[in-house]
Structures are given as C-alpha cells and as structure tokens.
Amino acid sequence: MLLSGNATSIRSVVVASQLLFTKADKKMAFWKSFGLPVVRADDEEAELVDPQSALRESCQTKGHIESLYNKYQECNDRVNGRSKTTETCVEELFDYVAELDHCVAHSLFSKLK
C-alpha cells in the first residue's frame, strides 16, 4: 500500500514537470514569434566571471580610491565608536563608490560581449 502511494506521487510529479516544460516551450515559441533572440543556458558552459568584479579589485588599489576608502573606514569606525550620534557616513560612501565606478567604467564596456 505504501509503495503504491509513492508511485502515484512520483507519477504526479512527472506529469507536473512535463506540463512545466510544455508551458516553457510555449513561452519560447511566443517570444520567437516576435523575432526576439532566445538564449538557453548551456550546462556544459564554463563558469562565467564578472569582469566588473575583477576591474573593481584592480581599481581599489589606485591611490585616490584607496584614500577615499580609508576616509570611509575612519568615519565608520568613528560612528560605530559612539553610542548616540546622528552622523552617518553616507557622503564618504557615495564618494568612494562613485569614484570606484568611474574607474571601472573606463574599461568595463570594452570587455562585455
């Protein structure tokens, strides 16, 4: 009795998965009808590496960006060292991130496909 219940639930899972694949194929045909390219993930494809991460690491070592990061860390340490303060480090964080993104933007788009 227990075995037949498991077989029924397995069959229902298989039927549900077949329905999902059928719906996915219909959606794919819908998008193809507009002439839009459809990309499917290839399981055998090598692991993709985000070029922005690598560029951020290289830009962080530049002098002016490193000094902005140090200013942000000093502010963060100062704020965390106080129990009651209204000071935030948003300005320092924005300065650091904006300069880092500016550095990355110079070479990021040339690396994209």
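Residues numbered from 1 in each chain as written. Predicted model: local features only at pLDDT ≥ 70, side-chain atom pairs only at ≥ 80, totals over all residues. Heavy atoms only, no water.

(A) Seen up close, the overall build of the protein chain. A tally of regular secondary structure across the protein chain gives 4 helices and 0 strands. When the elements of the protein chain are put in sequence order from the N terminus, they spell out α-α-α-α. The 113 residues of the protein chain split such that 12% are buried. Sequence separation of 24 or more characterises 58% of the internal contacts of the protein chain that already satisfy a separation of 6 or more. (Helix = DSSP H or I, 4+ residues; strand = E, 2+ residues; numbered from the N terminus. Buried < 20%, exposed > 50% of the residue type's maximum accessible area, 1.4 Å probe, protein only. Contact = heavy atoms within 4.5 Å.)

(B) Molecular detail of the state of the cysteines. This structure, assessed with the given rule, holds 2 disulfides. The side chain of Cys-59 participates in a disulfide bridge whose partner is Cys-103; the two sulfur atoms lie 2.1 Å from each other. Between Cys-59 and Cys-103, the S-S dihedral sits near -80°, and the bridge is therefore left-handed. Of this pair, Cys-59 sits in helix α2 (residues 51-60) while Cys-103 sits in helix α4 (residues 90-111), placing them 44 residues apart in sequence. The burial state of Cys-59 is the same as that of Cys-103; both residues are buried. (Disulfide = S-S within 2.5 Å.)

(C) Structural detail: the pattern of salt bridges. Enumeration according to the criterion identifies 3 salt bridges in this entry. Here Glu-87 and Arg-82 are joined by a salt bridge, their closest N and O atoms 3.3 Å apart. Judged by relative accessible area, which is 25%, Glu-87 ranks as partly exposed. Overall, the relative accessible area of 43% leaves Arg-82 in the partly exposed class. Overlapping salt bridges, with partners in common, bring together Arg-78, Arg-82 and Glu-87 in one network. (Salt bridge = Lys/Arg side-chain N within 4 Å of Asp/Glu carboxyl O.)

(D) Examining the packing of aromatic side chains more closely. A complete count under the given rule lists 1 aromatic pair for this structure. Summarising the aromatic geometry, the rings of Tyr-69 and Tyr-96 are spaced 5.2 Å apart at their centres and angled 55° between planes, so their arrangement reads as tilted. Taken together, the positions of Tyr-69 in helix α3 (residues 63-80) and Tyr-96 in helix α4 put the pair 27 residues apart, joining distant regions of the chain. Of the residues examined, Tyr-69 reaches a relative accessible area of 34% and is grouped as partly exposed. (Phe/Tyr/Trp six-rings, centres within 6.5 Å; stacked < 30°, edge-to-face > 60°.)

(E) The arrangement of the packing of α3 against α4 in detail. Interhelical geometry of α3 versus α4 gives an angle of 160° and a closest axis separation of 9 Å. Put simply, α3 runs roughly antiparallel to α4. As α3 packs across α4, the resulting crossing turns out to be left-handed. Together, His-64, Ile-65, Leu-68, Tyr-69, Lys-71, Tyr-72 and Cys-75 of α3 and Glu-92, Leu-93, Asp-95, Tyr-96, Glu-99, Leu-100 and Cys-103 of α4 make up the contact between the two elements. Per-class residue counts for the contact of α3 with α4 are 9 nonpolar, 1 polar and 4 charged. (Axes fitted to C-alpha atoms, helices over the stretch in contact; angles between N-to-C directions. Parallel < 35°, antiparallel > 145°, perpendicular 65-115°, else oblique. Left-handed = near helix turned anticlockwise from the far one by under 90°. Nonpolar A, V, L, I, M, F, W, Y, C, P; charged D, E, K, R; others polar.)

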